[in-house]
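Chain by chain, the residues run as shown.
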Amino acid sequence: MDPYDIIKHPLSTEKSVRLMESENKLLFVVDKKATKPQIKEAIETIFKVKVKNVNTLITPAGEKRAYVMLSKENPAIDVATELGLV
């Protein structure tokens with residue numbers, strides 16, 4: 001599966017900015033069928049960062065979100081700036 005098919009788009013909300021600053025996490029909307037290892041691999045491939053952990057959540061609207069924790073050497077704020085979220 002292509003990494004760009006797995007990762008739909010990043011989310012920039014007040015909560016995601018707070019997670020970025022406090023826990024070094026990024027928030028993405030992902031394909032509903034994507035597994036955590038696939039999401040991890042896609043993020044590492046697209047953004048050239050090291051992913052520490054992935055948590056997923058399916059919203060009541062049926063959208064799947066991935067909370068991606070990056071390793072200490074890759075600040076989430078830098079990736080978000082690159083994406084134009086901050």
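This text goes with the structure placed above it.
## Examining the overall build of the protein
Counting secondary structure elements, the protein contains four helices and four strands. For the protein, the succession of helices and strands along the chain, N to C, is α-β-α-β-α-β-β-α. Over its C-alpha trace the protein gives a radius of gyration of 12 Å, about what one expects of a compact globule, namely 12 Å for 86 residues. Principal-axis analysis of the C-alpha atoms places the extent of the protein at approximately 30 × 25 × 20 Å. Pairs at least 24 apart in sequence give 54% of the contacts found in the protein among residues at least 6 apart. Accessible surface, the protein as shown: approximately 5,200 Å² in total, 51% of it carbon and sulfur. Of the side-chain charges in the protein, 14 are positive and 12 negative, and the distance between the mean point of each set is 7 Å.

## A closer look at helix H2 (residues 14-23)
Those residues of H2 that fall on the buried side of the exposure criterion are Ser16, Leu19 and Met20. Buried positions in H2, seen along its axis, are confined to an arc of 100 degrees and lie on one side of it. Away from the buried face of H2 by more than 90 degrees, exposed residues Glu14, Arg18, Glu21 and Ser22 are located. Tucked inside the fold, the buried residues of H2 contact strand S2 (25-30), strand S4 (64-70) and helix H4 (76-83). Two residues or fewer past H2, asparagine 24 is found with a positive phi of approximately 60 degrees.

Conventions and cut-offs
- Residues numbered from 1 in each chain as written.
- Predicted model: local features only at pLDDT ≥ 70, side-chain atom pairs only at ≥ 80, totals over all residues.
- Heavy atoms only, no water.
- Helix = DSSP H or I, 4+ residues; strand = E, 2+ residues; numbered from the N terminus.
- Rg over C-alpha atoms; globule rule 2.2 N^0.38 Å.
- Contact = heavy atoms within 4.5 Å.
- Areas by Shrake-Rupley, 256 points an atom, 1.4 Å probe, with all protein chains shown as cover.
- Lys, Arg positive; Asp, Glu negative; His and termini not counted.
- Charge placed at Lys NZ, Arg CZ, Asp CG, Glu CD.
- Buried < 20%, exposed > 50% of the residue type's maximum accessible area, 1.4 Å probe, protein only.
- Arc of directions from axis to C-beta.

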